[in-house]
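One letter stands for each residue in the lines below.
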Amino acid sequence: MLVPYSSCALCGIFKYPASNMDYIGRFAPSPTGPLHFGSLVAAVGSFLQARSQDGLWLVRMEDVDRPREVPSAADAILRWLEAFGLHWDGKVVYQSRRDEAYSAALRELERLGIAYGCVCSRKEVADAITAIGGTPGVYPGNCRTATPVGRQARTVRVNVAGQQITFEDQVQGTLAQELECDVGDFVIRRADGLFAYQLAVVVDDAEQGITEVVRGSDLIDSTPRQIYLQRLLGVPTPSYLHLPVVVDASGQKLSKQTHAPPIDPLTPLAALVRALALLGQHPPTELLRVNLDEFWRWAIEHWEATHIPAVKKLTCP
Ligand code: GLU
């Protein structure tokens, strides 16, 4: 079992203001570069969903993938959130400081006989898939029953045999995934020794007491893996709301990798009003001339999650 949240001293829970503890949401950026309009939409959606229910909104820096981290990006992201009036509760949690919690979860999965060491390199996995005519990217279970003698495990994987996971997304509807056919046994500890996002996110959402995950639809396919891990670790499954991901004219997700232009925190209102409109709300043009406090007052009061477009992608306006 994981450490119950009430005994977790990491997250500053005791410093939260009086608020509706029945709703705890979060924004979990990866500090791989400056935030862009797509990140703003995710931040605004999760913030409004929490604040409109008088709930808590936490920020977690997902710097578990250290090689991808850009120095100083984490601080820049926090300054950027402040500039947009996106004020969070409690202390920011950094995944790079949470190896102990992830190790405990890994040990629990090993104890359950669900996690196992895999010796395969990427090439060996790809070759094995080709050899059986399998689906690209779906691990065919090479080391599931036995680790080849005399070889050192490189990664740790989770056995997904027979797992069919169905969940109800508040915006995107009912989704089902057959883990074995769609993803295969997935990695929870990487060959470089780092914990994988799928494990870290489950441990953190549980310890922070997250009741609802609001994030971009690019992560919707990861949700069944996360629900599976939650069940194995005996922690609650939050509700899920996946927002449309903002794409450019060529259909590419706006991201640091596609070099989406950062947005200017010196002129926050124009971007905030665009983000609201994209989320299906109907901001009046007068909002462009108010101050940030007035903007957020209007946005919280008028937020309607049921108006969020039920699509996975939306073109940047
Ligand atoms: N760190 C992820 C990102 O920046 C978000 C993960 C999540 O919300 O679960 O896209």
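Scroll up to find the structure.
Because the structure is predicted, anything quoted here is derived from the model rather than measured.

Undergrad: Can you help me understand the pattern of salt bridges in this one?
TA: Oppositely charged side chains may form a pair once their charged atoms are brought near each other. With the rule as written, the count across this model stands at 16 salt bridges. With its nearest N and O atoms 3.1 Å apart, the salt bridge here joins R190 to D65. Taken together, the residues R190 in the loop between β8 (186-189) and α6 (197-207) and D65 in the loop between β2 (55-61) and α2 (73-83) connect sequence positions 125 residues apart. One salt bridge in this structure joins R144 and E180, with 3.0 Å as the shortest N-O distance. Here R144, found in the loop between α4 (122-132) and β5 (155-158), pairs with E180, found in helix α5 (residues 179-182); they are 36 residues apart in sequence, far enough to count as distant. Residue R144 is classed as partly exposed on the basis of its relative accessible area of 23%. Via salt bridges that share partners, R26, R60, E62, R98, D204, D205 and E207 belong to a single interconnected network.

Undergrad: It is not clear to me how the nonpolar core should be interpreted in this structure. Could you clarify?
TA: Burial of nonpolar side chains together is a common tendency in soluble globular proteins. By size, the foremost hydrophobic cluster in this structure holds 47 residues, and its most contacted members are F37, L40, V44, L81, L86, F295 and W296. Listing elements by their share of this core, those giving two or more residues are β1 (20-27), α1 (37-51), β2, α2, β10 (239-243), α8 (268-278) and α9 (292-302). Considering every element that reaches this core, the biggest residue donor is α1, with 9 residues. Apart from residues lying up to four places away in sequence, L81 is in contact with F27, A43, W57, V59, L86 and W88. Counting residues in each nonpolar core, the second largest holds 38 residues, with V156, A200, A206 and V213 among its members.

Undergrad: Would you mind going over helix α3 (residues 99-111) with me for this structure?
TA: In an α-helix, one turn spans 3.6 residues; hence positions three or four apart end up facing the same way. The end-to-end C-alpha separation of α3 is 18 Å, in line with the 18 Å expected for 13 residues at 1.5 Å each. By the burial criterion, the buried members of α3 are A101, Y102, S103, A105, L106, E108 and L109.

Undergrad: What is the right way to read the site of the ligand from this model?
TA: Every residue lining the ligand is accounted for by R26, A28, P29, S30, E62, Y197, V201, R215 and L219. A28 is positioned with one of its backbone polar atoms (N or O) 2.7 Å from a nitrogen atom of the ligand. At 2.7 Å, a side-chain N or O of Y197 approaches an oxygen atom of the ligand. Here the ligand has 300 Å² of accessible area as a free molecule, and 80% of this is covered by the chains. Residues of the shell around the ligand, tallied by class, amount to 5 nonpolar, 1 polar and 3 charged.

Undergrad: Help me out: how do you make sense of unusual backbone geometry in this one?
TA: Note on backbone geometry: most residues besides glycine have negative phi, and most peptide bonds are trans. Located in the positive-phi region is D54, a residue other than glycine, with phi close to 55°. Looking at where D54 falls in the secondary structure, it is placed in the loop between α1 and β2. Taking the relative accessible area as the measure of exposure, D54 reaches 52% and is therefore exposed. One non-glycine residue with positive phi stands out, namely S72, at about 70°. Along the polypeptide, S72 turns up in the loop between β2 and α2. Take S72: its relative accessible area is 56%, and that puts it in the exposed class.

The rules behind these values
Residues numbered from 1 in each chain as written. Predicted model: local features only at pLDDT ≥ 70, side-chain atom pairs only at ≥ 80, totals over all residues. Heavy atoms only, no water. Salt bridge = Lys/Arg side-chain N within 4 Å of Asp/Glu carboxyl O. Helix = DSSP H or I, 4+ residues; strand = E, 2+ residues; numbered from the N terminus. Buried < 20%, exposed > 50% of the residue type's maximum accessible area, 1.4 Å probe, protein only. Core = buried A, V, L, I, M, F, W, Y, C linked by side-chain atoms within 4.5 Å. Contact = heavy atoms within 4.5 Å. Expected span 1.5 Å × (residues − 1). Near = heavy atom within 4 Å. Polar contact = N/O pair within 3.5 Å; in protein donor to acceptor, adjacent residues only side chain to side chain. Areas by Shrake-Rupley, 256 points an atom, 1.4 Å probe, with all protein chains shown as cover. Nonpolar A, V, L, I, M, F, W, Y, C, P; charged D, E, K, R; others polar.

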